[in-house]
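An overview of the molecular structure
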Amino acid sequence: MREVIAAPLPGLDLRQHYGHHQSPAIRAGGLIFCSGMLPVDPETGERRHGTLTSEAHVIFGNLKLLLESAGSSLDRLVQVHALIYDSIEYDVLNRVYRQYVANGPPARTVWTAQIEAGFKVQLDVIAAT
Amino acid sequence: MTPRREIVASVRALDAGSSFGRSVSMVVRGGDFLFVSSLAAVDPHSGEHVRGTTASETRQILTNLEHLLEAAGSSLDKVVKVNVLLHTMLEAPNMNEVYARFFPEPPPARTVCGARLPDGAKVIIECTALA
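Some details on the interface of chain B and chain A
- In this assembly, 27 residues from chain B lie in contact with 25 residues from chain A.
- Interface area, chain B with chain A, both sides summed: about 2000 Å², of which 53% is carbon and sulfur.
- At the junction of chain B with chain A, the criterion picks out two salt bridges.
- In this assembly, chain B and chain A are joined by 17 residue pairs in polar contact (both at pLDDT 80 or more).
- Residue assignment for the side of chain B that touches chain A shows that the elements contributing at least two residues are β4 (79–86), α3 (92–102), β5 (109–114) and β6 (123–130) of chain B.
- The element contributing the most residues to the side of chain B that touches chain A is β5 of chain B, with six residues.
- Looking at the side of chain B that touches chain A residue by residue, the class counts come to 14 nonpolar, seven polar and six charged.

Here it is, written out as structure tokens:
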């Protein structure tokens, strides 16, 4: 079975705001697959450009909302792909990251990629239900 | 008992293992899921790389993906997550427009990013689907 997780707040519906042909998240086989999480305002969908640190805070806030609305949480993350715009910011990412996934952190890969709209970070995650 | 991990027979010409001599299975079943290797635009008959626009490569890849999934007993409407890699994020709207025509409602979760791709490919797509 495959079930769509709707956006818990209107700003998190990237399809509605930006036309991306995607669901916010899909639950299947005991897992939740989230679409790439971006630093947008959860109420308005407005882009919240900033430093990698500020963007990561917004993303983790959004991710928390999305996972909790689906009955999961940041503590139940299984795998994280963290895309950053420049590997020089790796340590900066880690400092924010630790604040949100302190105990028993999930499997993770970080790499450098071009992220939409010139954002500095994007998180692509799988969580347990 | 079903094996926990199984390499699923796929459309022969799309098999990267035979076409490119790489150690890659195109579709692997694990648990409830099918994991599909990243696909570049390949002619399904000749196995040759097809170079085109971002839109045409996306169309070719998703056509091949549809066949691969069906050969493995799944389908596009069972896809749960797609990762799209583009040679530049400036082309994201061109990919998105073609992409939207392939995936039935409601679409899977998706992540799109720009990356340096091999062999001059403009698009690469990987996915996870329910078996």
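Moving on, there is more to tell.
A few points about the packing of helix α2 (residues 52–69) of chain A against helix α3 (residues 90–100) of chain A
All names here are of chain A.
- It is at 9 Å that the axes of α2 and α3 come closest, and there the two elements cross at 30°. By the angle between their directions, the pair α2 and α3 is classed as roughly parallel. Of the two elements, α2 crosses α3, and the hand of that crossing is right-handed. Contacts between α2 and α3 involve Leu52, Thr53, Ala56, His57 and Phe60 from the former and Val92, Leu93, Val96, Tyr97, Gln99 and Tyr100 from the latter.
- Looking at the contact of α2 with α3 residue by residue, the classes come out as eight nonpolar, three polar and no charged.

The rules we used
Residues numbered from 1 in each chain as written. Chains lettered and ligands numbered in written order. Predicted model: local features only at pLDDT ≥ 70, side-chain atom pairs only at ≥ 80, totals over all residues. Heavy atoms only, no water. Contact = heavy atoms within 4.5 Å. Buried area = accessible area lost by both parts, 1.4 Å probe. Salt bridge = Lys/Arg side-chain N within 4 Å of Asp/Glu carboxyl O. Polar contact = N/O pair within 3.5 Å; in protein donor to acceptor, adjacent residues only side chain to side chain. Helix = DSSP H or I, 4+ residues; strand = E, 2+ residues; numbered from the N terminus. Nonpolar A, V, L, I, M, F, W, Y, C, P; charged D, E, K, R; others polar. Axes fitted to C-alpha atoms, helices over the stretch in contact; angles between N-to-C directions. Parallel < 35°, antiparallel > 145°, perpendicular 65-115°, else oblique. Left-handed = near helix turned anticlockwise from the far one by under 90°.

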